[in-house]
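# Chain and residue survey
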Amino acid sequence: MPDDATPTAEEARETVHEPAGESDQGPDAAIDGSIDEVADAVAERFQGVAVRSHGQPVVYVDRGVWRDVAASLRDDERFTQCVDVTAVDHVADVERAVPDGVSPKRFEVVANFLSHARNRRLRVIAQVAADDAEIASLTDLYPGVDFAEREVYDLMGIAFEGHPDLTRILMPDDWVGFPLRKDDPPGHVPVTFKGDPTPR
Amino acid sequence: MGLDAIPYNFFTGRLEDLVRWARRNSVWPATFGLACCALEMMAAGAAHYDTARFGMEVFRASPRQADLMIVAGRVSQKMAPVLRQVYDQMVEPKWVISMGVCASTGGMFNNYALVQGVDQVVPVDVYVPGCPPGPETLLHGILMLHDQIRTGELLARRAESPTGGAAIEVDQTDGTPVSVTLPS
Amino acid sequence: MSTEWEGLAPQTDEGAQELQTRELVFSGGVWPEGDSMIVNMGPQHPSTHGVLRVMLELEGEDVLRAKPIIGYLHTGMEKTGEELTYVQGATNVTRMDYASPIANELVFSMAVERLLDLEVPPRAVWIRMMMAELDRMASHLLFQATNGMDIGALSMMLYGWREREEVLRLMEEVTGLRMNHNYVRPGGVAADLPDGWHDRTLEVLDLVERGITQYDLLLTANPIWLERMVGVGTITRTQALALGATGPILRSTGFPWDLRKAQPYLAYDDVDFDVIYTENGDCFDRYRIRLYEIAESVKIVRQCLERIPDGDYRTDDLKVTPPPRERIDESMEALIHHFKLFTEGFRVPAGETYVPIESPRGEIGCYLVADGTGKPARLHIRGPSFYNLQTMSPMMEGGLIADGVAVISSVDPIMGEVDR
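A brief structural summary. (Residues numbered from 1 in each chain as written. Chains lettered and ligands numbered in written order. Predicted model: local features only at pLDDT ≥ 70, side-chain atom pairs only at ≥ 80, totals over all residues.)

### Quick look at the overall build of chain C
- When helices and strands are counted, chain C shows 17 helices and ten strands.
- The globule rule puts the C-alpha radius of gyration for 420 residues at 22 Å, and the 27 Å found for chain C is more than 25% above it.
- A principal-axis box enclosing the C-alpha atoms of chain C has dimensions of 115 × 50 × 35 Å.
- Residues classed as buried in chain C amount to 56% of the 420 residues present.
- Long-range pairs, those at least 24 residues apart, make up 68% of the contacts in chain C with a sequence separation of at least 6. (Helix = DSSP H or I, 4+ residues; strand = E, 2+ residues; numbered from the N terminus. Rg over C-alpha atoms; globule rule 2.2 N^0.38 Å. Buried ≥ 20, exposed ≤ 12 C-beta atoms within 10 Å, placed from the backbone. Contact = placed C-beta atoms within 7 Å.)

Below, the structure written as structure tokens:
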């Protein structure tokens, strides 16, 4: 449980009423110019690459340090919540344009973090190869990603090492295949019209 | 059903009308609200588009006490066996309204996750289109069902078909179809 | 477990020694420690707010463990989202959180606009904000109705729906549909507000305010209501934060976090409203927060009525916006433009973004990855109920099974966005 990173109610009240930053409408409007400070610090400490993606800070890290990055964010940088863990299948464009220093693989595991006390967000992305689709689980640091990691496993087939209960969550337990992968077919059923032979 | 055994005559005709009148005026729906259509079904049951004036105010939670299953919403692969089980638990005579396009045909989601039409799992009497169908559309469907009960078409149809009105075929994973027959 | 007892004397002499005592041995099956029983609740259940299944380990009426099992409404919307164009995307996304569809459409449209670096005109921003707040009112009224019914105040179902019908009727006049409106689209909104909307909205706001005053009078000081809700389903701030909870659940633990104030979007920094929060973290607090949030939404909509600017209701960037309908009759280019936009759609340059907003249930976010084509490479919606549902276990454990219903109701999950 992130006790020391949990902001107190007074802290939260102060942060909530901070004036919005100078940027235009958008969810990160309250962030001032020093946002790259966190991303740069993480990138430096863990040999990652920090970029800004449409105004949002993103750090690309190696899969091996995934859990260490999350631990550092929780304990040192006061990122209280991991709001989302998801994955992207890039099988169609493995040779896509990525920031310098990042070697693209088939899967990208993406985690979004939120710091209430500092009122800022950070996105961390790790590349995961297709033949070794595994990454560390964050459930002992952020218990809230339990369901999210199960969903990524269920729909993408990426295993999370250290997850307490890595089973299918959305598909039936005996489902074969990982539906959100691009090479898993969408499962269109041809539309039958009046007069077509049907099972009934 | 007992009335089938007696040969049709003037007295049984009046009795059948009475039975059908009683049946259509107190159709109790089972709660099977799944998704967005459930909200419109609840709206149909609320004060503005009242279903209580048709005798349908009690949404019975237990399928054993219900006559009508309004499948309101999209039926996923995981939910289909549950749907069938709840349908089987209902006592005859029972009816099914497939509410909304997702329940009728799979709707806008023609993909791996949904059963493309709830009539692949249970026999449907009235299909109500819409996404979601407004309460007025649902009421129209319900009144259509009442009409069918009044004219007794349903019971006649059921008696003819050997599988009780639903020639359900289930595909096994190796592609061979298996016909599901209801116990007679 | 075995007992020895002296059996009856054998009838014959031989074997008499062997049958002196008999050991009775209970075998077969594993008897659990204590007296607990596993009970399944759902997925078809009147009180599980859709198709939620909960496995409960009960000892008498005490809940020892509760585990939610989801997936009964999985619709493959994220996969469908990869097959629909960006123009069509709002129709898909709007059906996720079906109690507050505008929030889904808004977060998707904002993500697409961010990837396009597109600005929407001020009138569109204010219309979106007004519709989002009306949507919040409709969703919280739905909560009041279903929460009341689950606790046992069955008439709340009818009262909540009475006000919700008014709001839905207004939304039908503006957007054309009562639910799943497909109104907020990338570039602005689908159509301008209809004539006479100003007075209609004022009427609806007055009706809603009268309604919530009635609910307050009926329930908040009602001893049965208090007995069933105060102290039930308590969660601490640490637990809520650790489990990724947002929205009224987090605000009920003494943590006034609302994205409309903390990380404002649309024009929320221009309007005056309060963030409602309480200290105790129980079901009663969450009921009160949602009730007063309706009042705050009414306040915001009143300010929108005064201050909504004139102008375009959608951006005039021709790559994204179809031409006005009247022009299609006059100009071939306008017709072709309209056709291309609605069949092929527009392309979004490669990039990725995560846009969070405050939906009635908490932080809803859209993680959108574009690859330069007309369809998303990955569309992921961070549904608040997906994370909030994890708080159900600590809330239910240690309570009675009857309180379990109150807990599920106060978590206010919408299974459409849990399962997507």
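So, next bit.
### Some remarks on the sheet that holds strand β3 (residues 95-99) of chain B
Residues and elements named next belong to chain B.
- Read from one edge to the other, the open sheet built from four strands follows the order β1-β2-β3-β4, with strand pairing classed as parallel. Of all the strands in the sheet, just β1 (29-30) and β4 (126-128) have a single pairing partner and so form its edges.
- As defined by bridge partners, strand β2 (residues 68-72) adjoins β3 across five bridges and the pair is classed as parallel. Bridging from a neighbouring strand, Leu68 pairs with Trp95 of β3.
- Against the sheet, helix α2 (residues 36-45) engages β2 and β3, with an angle of about 130° to β2.
- The sheet contacts of helix α5 (residues 135-151) involve β3 and β4, and relative to β4 the element is tilted by about 170°. (Pairing = 2+ DSSP bridges. Axes fitted to C-alpha atoms, helices over the stretch in contact; angles between N-to-C directions.)

### Digging into the pairing of strand β10 (residues 378-382) of chain C
- With five of five residues buried, β10 of chain C lies mostly within the body of the structure.
- On β10 of chain C, burial covers both faces: Arg378, His380 and Arg382 of chain C on one face and Leu379 and Ile381 of chain C on the other are all buried.

### What about helix α16 (residues 401-411) of chain C?
Residue and element names in this part refer to chain C.
- Among the eleven residues that make up α16, nine are buried, leaving the element largely enclosed by the rest of the structure.
- Of all the residues in α16, the buried ones are Asp403, Gly404, Val405, Ala406, Val407, Ile408, Ser409, Ser410 and Val411.
- Within two residues after α16, Asp412 carries a phi angle of roughly 55°, on the positive side.

### Points about helix α2 (residues 86-93) of chain C
- Of all eight residues in α2 of chain C, six are buried, a share of seventy percent or more.
- Summarising the contacts, the buried residues of α2 of chain C are in contact with α1 (77-81), α3 (101-116), β6 (184-185), α13 (332-343) and β10 of chain C.

### Quick word on the pairing of strand β3 (residues 81-89) of chain A
Residue and element names in this part refer to chain A.
- Most of β3 is tucked away: nine of the nine residues are buried.
- By the bridge criterion, eight bridges tie β3 to strand β4 (residues 107-115) in an arrangement that is antiparallel. Its bridge partner lying in β4, Asp84 is registered against Asn112.

### Considerations on the packing of helix α5 (residues 154-175) of chain C against helix α6 (residues 197-220) of chain C
Residue and element names in this part refer to chain C.
- The interhelical angle for the contact between α5 and α6, taken along N-to-C directions, is 165°, at an axis separation of 9 Å. When the axis of α5 is compared with that of α6, the two are roughly antiparallel. Crossing handedness for the pair α5 and α6: left-handed. Together, Tyr159, Arg162, Glu163, Glu166, Val167, Leu170, Glu173 and Val174 of α5 and Trp197, Arg200, Thr201, Val204, Leu207, Val208, Gly211, Gln214 and Tyr215 of α6 make up the contact between the two elements.
- Here the contact of α5 with α6 is composed, by residue class, of nine nonpolar, three polar and five charged. (Parallel < 35°, antiparallel > 145°, perpendicular 65-115°, else oblique. Left-handed = near helix turned anticlockwise from the far one by under 90°. Nonpolar A, V, L, I, M, F, W, Y, C, P; charged D, E, K, R; others polar.)

### Some points on the nonpolar core
- Met69 and Val71 of chain B are the most contacted members of the largest nonpolar core, which totals 221 residues.
- Top contributing element to this core by residue count: helix α4 (residues 122-151) of chain C, with 16 residues.
- Setting aside residues no more than four positions away along its own chain, Met69 of chain B makes contact with Ala30, Phe32, Val86, Tyr87, Met90, Lys94 and Val96 of chain B. (Core = buried A, V, L, I, M, F, W, Y, C linked by C-beta atoms within 7 Å.)

### Details of the environment of Ala240 of chain C
Residues and elements named next belong to chain C.
- Looking at the secondary structure, you find Ala240 in helix α8 (residues 237-242).
- Between the alpha carbons of Ala240 and Met37 there is a distance of 28 Å; along the sequence they are 203 residues apart.
- Leave out the neighbours within four places in its chain, and Ala240 touches Ile235, Ala245, Ile249, Leu250, Thr253 and Thr391.

### Points about the interface of chain C and chain B
- The partner chain B presents 29 residues to the 26 residues of chain C that form the contact.
- Contributions of two or more residues to the side of chain C that touches chain B are made by α1 and α5 of chain C.
- Along the lines of polarity and charge, the residues of the side of chain C that touches chain B split into eleven nonpolar, ten polar and five charged.

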